[in-house]
Every structure is written in C-alpha cells, then in structure tokens.
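These are the residues of each chain, in order.
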Amino acid sequence: GSTLKAAAESGGHYFGTALTDGDLGVSGETSIAGAQFDMVTPGNEMKWDTTEPSNGSYNFAPGDQIVQYAQANGMRVRGHNLVWHSQLPSWVSSLPLNQVQSVMESHITTEATHYKGKVYSWDVINEPFNDDGSLRQDVFYQAMGSGYLADALRTAHAADPGAKLYINDYNIEGENAKSNALYSLAQSLLAQGVPLGGIGFESHFIVGQIPSDMQANLQRFANLGLDVAVTELDDRIQLPTTSGSLQQQATDFGAVVQDCLAVSRCVGVSQWGVDDAHSWIPGTFPGYGAATMYDGNDQPKPAYSAALSAL
Ligand code: XIL
C-alpha cells in the first residue's frame, strides 16, 4: 500500500497516532493523520485531570472532540487512560485512603460508560510499575494494595464489555525486571479470570536502542492469550540530527514494525503524535527531538519509508 494505514490494514493491523484537541486545529497534522492513520489515541483528553477535575464532576467535551474527529475520518479510538499516577488531580491523591476504591470505581464506570461502544480498547491501567519491577506506591496501591489492578479491570469490563482492556507501560519492550514483573502479573490476573485483554508497549525509544529481544518479549505475552500493541512509538535523537542518526532512526522504526508483525497477536502500531514539531519529546527530554516519522515541515523522514516498507 502507499499509506501506513493501507499497508497495515492489508495485513489485518492498524497504524495509529496520538492527537490532542490542539492538534485538530493544525492542518498540517490533520492532513497527515487523515491520510496515514486509522487509529487515534487522545494525547491528554481522556486522562483523569481532564475528565474528572473535581470529585463527581465530569468533563467529556475534550475527549468527545477526539472521538468525533476519529469517527468523521473512519478511525478507531484507543481510550487512554482510566487509572494512572500522573495527570491525576490532587483531590484524588489526597483522599482519605478508605475512599479511594469507591472513587476509582466511580471514575472508571462513569468514563467507560460514557465512551461505551466508541472505543476499541482502554488503557485501564497506565504505567503501574517502577523500573525495578515493583508496583508504584501510588494512592491506588496505598489504598488497595495490588488488588486495585484486578478491581479496575473488572470495573471497566462491567461498564464496557466490548472494549479490549489493556495494561500499558514503558521500558517493558525488552525482557528485563519490569517486563518480567508485568509478565507474572498478567499470568496471575488471567489465572484469576480477570478481564485483561492486552498489553500496551509504549515504545518511547532512544535512537539506536531498540531492544534486540522485543519480538521475543511481545511473543511471550501473546502466548498467554493476550493481544499486544505498540502504543506510543517515538524514537528520540539528540539534536542536531545528522544523516546518520536519521538513518538509524529509519532502521529502528522498521525493526519495531517488523517485531510487531512477526507476532500474530500484535494488533497494531501507534506513533505518539504526528510530527516532530508537535511531539512531546523536546519539552520532556531537553536536548532531544526529531522523534517521529515526519519532520518539522511535515515532510516524511527516512523512518516513514522504513515503517511503510516493513508493513
Ligand atoms: C504525555 C503527553 O503527550 C503530554 O502532552 C503530557 O504533558 C504528558 O503526557 N506515557 C503516556 C502518555 O502514557 O499519556 C504520555 O503523554 C507520554 C508517556
């Protein structure tokens, strides 16, 4: 195919991007998004600080805009996310611990019900692990221990039984302490009949550092009967770029796409954002940038051709 989505679809996959409401007003981004991608993840609009800024008062207008754009352009939506330690309003993190479970369940039920039938999947739990494989001691863990994970997944399933329910995290793309811990958790959740449907591998990479065992790692999760997805792919380069670093980035994008396609339960790849000009990378990792397949002028980079030819 001549576009990412056409090539992905011909193999039964999708190719997605993250979009914010701000991106929807940038014509350079929307023209690429409409042509190349068939799955959208809202960049911020379905996170707790936007959807429930104070207890029991919900704001779905920003997320609804993303859904409307997706529907108008024939794209599906990955719901992102329901439970996360970050972009969590302080009214939640400062609750008395004996109120956290009911607040979490109400949040999940209300948001997943609002978007029922409109999202392909939910990142129910985002980034639950520390890099050493221990669970983060966030307010959910403090209140419920590791039981919050099963509770969140069961609550989301009751609200929207049609959505694939994911745990999504970063630094789990290769085999390491963090991915080993997630693997054990997934095994134990499935053994208890918890409705976990997939694992999201964020894939925020540094150029030249794609784990060589990524395919094997995706495969071991798939072997548990789970879908796997590359959910937030970018590949940051220390600025300024060189033709060498851009070539390495192309090799990296091709490798990641191949790693997904080699695993039959890998459903698709999503890039985190459309272009280098609007990527979150320069603001979060000073000195780094150029992390996407499209440059600051919305021209496709070598990484684009490499991803396309790997599909
Ligand atoms: C990022 C957004 O892109 C930024 O706009 C925001 O300021 C911070 O969050 N892992 C995730 C995403 O799961 O939600 C994050 O998105 C990037 C890291």
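Not measured: the values here are computed from a predicted model.

Asker: Report on the nonpolar core, specifying residues and quantitative values.
Answerer: Within the largest apolar cluster, 85 residues are counted, with the highest numbers of intra-cluster contacts made by Trp122, Val124, Phe140, Ile199 and Met293. Here the element with the most residues in this core is helix H8 (residues 147–159); it accounts for seven residues. Excluding residues that lie within four positions of it along the chain, Ile199 makes contacts with Tyr166, Ile167, Ile172, Leu182, Phe221, Leu226, Asp227, Val228 and Ala229. Tyr14, Met39, Ala229 and Val267 belong to the second largest nonpolar core, which has six residues in total.

Asker: Outline the pairing of strand S5 (residues 164–169), supporting the account with residue identities and numerical values.
Answerer: For a regular strand, side chains alternate in direction, first toward one face of the sheet and then toward the other. In terms of burial, S5 is a largely internal element, five of the six residues being buried. Bridge analysis of S5 against strand S6 (residues 198–201) gives four bridges, and the strand direction is parallel. Across the sheet, residue Tyr166 finds its bridge partner in S6, namely Gly198. Since S5 and S6 lie parallel, the crossover through helix H9 (residues 177–191) that links them has a hand, and here it is right-handed.

Asker: I'd love a proper account of the pattern of salt bridges, names of residues and values included.
Answerer: Per the counting criterion, the structure on display carries six salt bridges. A salt bridge links Arg78 to Asp123, with the shortest nitrogen-to-oxygen separation between them at 2.9 Å. Here Asp123 lies in strand S4 (residues 121–126) and Arg78 lies in strand S3 (residues 76–83), a separation of 45 residues in the sequence. Ionic pairing is found between Asp227 and Arg265, a salt bridge with its closest N-O pair at 2.9 Å. Remark: Arg265 occurs in the loop between helix H11 (243–261) and strand S9 (266–271) and Asp227 occurs in strand S8 (residues 227–238); sequence separation between them is 38 residues. Using a relative accessible area of 8% as the deciding quantity, one classes Asp227 as buried.

Asker: Provide a residue-level description of the confidence of the model for the chain, including the pertinent values.
Answerer: Confidence in the prediction of the chain, expressed as mean pLDDT, is 98, and 100% of residues score 70 or more. At the level of chain-chain contacts, confidence expressed as ipTM amounts to 0.99, with global pTM at 0.98.

Asker: Tell me about the state of the cysteines, and please be specific about residues and values.
Answerer: Taken as a whole, this structure holds one disulfide when the rule is applied. With a sulfur-sulfur separation of 2.0 Å, Cys260 is cross-linked through a disulfide to Cys266. Between Cys260 and Cys266, the S-S torsion sits near -105 degrees, and that sign places the bridge as left-handed.

Asker: Help me get a handle on the site of the ligand, residues and values and all.
Answerer: Lining the immediate surroundings of the ligand are Asn44, Lys47, His80, Trp84, Gln87, Asn126, Glu127, Glu202, His204, Glu232, Trp272 and Trp280. Residue Gln87 places a side-chain N or O atom 3.2 Å away from an oxygen atom belonging to the ligand. In this structure, Asn126 approaches the ligand through a side-chain N or O atom, which is 3.0 Å from an oxygen atom. Taken together, the residues of the shell around the ligand sort by class into three nonpolar, five polar and four charged.

Asker: Can you lay out helix H10 (residues 214–222) for me, pointing to particular residues and giving the numbers?
Answerer: Of all the positions in H10, only Met214, Asn217, Leu218, Arg220, Phe221 and Ala222 are classed as buried. Of the surrounding elements, those touching the buried residues of H10 are H9, S6, strand S7 (204–206), S8 and H11.

Asker: Which residues make up the pairing of S9, and what are the values?
Answerer: In terms of burial, S9 is largely enclosed, as six of its six residues are buried. Sheet topology note: the strand S1 (residues 14–19)/S9 ladder contains four bridges and is parallel. Bridged to Tyr14 within S9 is Gly268. Here S8 runs beside S9; their pairing, made up of three bridges, is parallel. Following the sheet pairing, Val230 is matched in S9 by Val269. Handedness of the β-α-β unit built from S8, H11 and S9 comes out right-handed.

Asker: Provide a residue-level description of the packing of helix H6 (residues 100–114) against H8, including the pertinent values.
Answerer: Contact geometry for H6 and H8: axes closest at 8 Å, N-to-C directions at 30 degrees. Crossing geometry of H6 relative to H8 is assigned as right-handed. Residue-level inspection shows Gln101, Met104, Glu105, Ile108, Thr109, Ala112 and Thr113 of H6 in contact with H8, the latter providing Tyr148, Asp151, Ala152, Thr155, Ala156 and Ala159. The class makeup of the residues in the contact of H6 with H8 is seven nonpolar, four polar and two charged.

Asker: Could you give an account of the side chain of Arg220, naming the residues involved and the relevant values?
Answerer: Relative to the assigned elements, Arg220 resides in helix H10. No salt bridge is formed by the buried Arg220; the nearest opposite charge belongs to Glu175, separated by 4.2 Å.

Asker: Can you explain the side chain of Asp235? Please cite residues and give values.
Answerer: With respect to the element layout, Asp235 can be found in strand S8. Leave out the neighbours within four places in its chain, and Asp235 touches Phe205, Ile206, Val207, Ile210, Gln249, Asp252, Phe253, Ala290 and Ala291.

Asker: Describe the packing of aromatic side chains, listing the residues and the values that go with them.
Answerer: Within the structure shown, the criterion is met by twelve aromatic pairs. For the ring pair Phe60 and Tyr115, a centre distance of 5.6 Å and an interplane angle of 85 degrees mean the geometry is edge-to-face. Of this pair, Phe60 sits in the loop between helix H3 (48–51) and helix H4 (61–72) while Tyr115 is found in the loop between H6 and S4, placing the two residues 55 residues apart along the sequence. You can call Phe60 buried: its relative accessible area is 11%. An aromatic cluster is defined as three or more aromatic residues linked by ring pairs; in this entry it consists of Trp48, Trp91, Phe140 and Tyr148. A cation sits over an aromatic face here: Arg76 above Tyr120, 4.6 Å from the ring centre.

Conventions used here
Residues numbered from 1 in each chain as written. Predicted model: local features only at pLDDT ≥ 70, side-chain atom pairs only at ≥ 80, totals over all residues. Heavy atoms only, no water. Core = buried A, V, L, I, M, F, W, Y, C linked by side-chain atoms within 4.5 Å. Buried < 20%, exposed > 50% of the residue type's maximum accessible area, 1.4 Å probe, protein only. Helix = DSSP H or I, 4+ residues; strand = E, 2+ residues; numbered from the N terminus. Contact = heavy atoms within 4.5 Å. Pairing = 2+ DSSP bridges. Right-handed = clockwise from strand over helix to strand, strands pointing away. Salt bridge = Lys/Arg side-chain N within 4 Å of Asp/Glu carboxyl O. pLDDT = per-residue confidence, 0-100. Disulfide = S-S within 2.5 Å. Near = heavy atom within 4 Å. Polar contact = N/O pair within 3.5 Å; in protein donor to acceptor, adjacent residues only side chain to side chain. Nonpolar A, V, L, I, M, F, W, Y, C, P; charged D, E, K, R; others polar. Axes fitted to C-alpha atoms, helices over the stretch in contact; angles between N-to-C directions. Left-handed = near helix turned anticlockwise from the far one by under 90°. Lys, Arg positive; Asp, Glu negative; His and termini not counted. Phe/Tyr/Trp six-rings, centres within 6.5 Å; stacked < 30°, edge-to-face > 60°. Lys NZ or Arg CZ within 6 Å of the ring centre and 35° of its normal.

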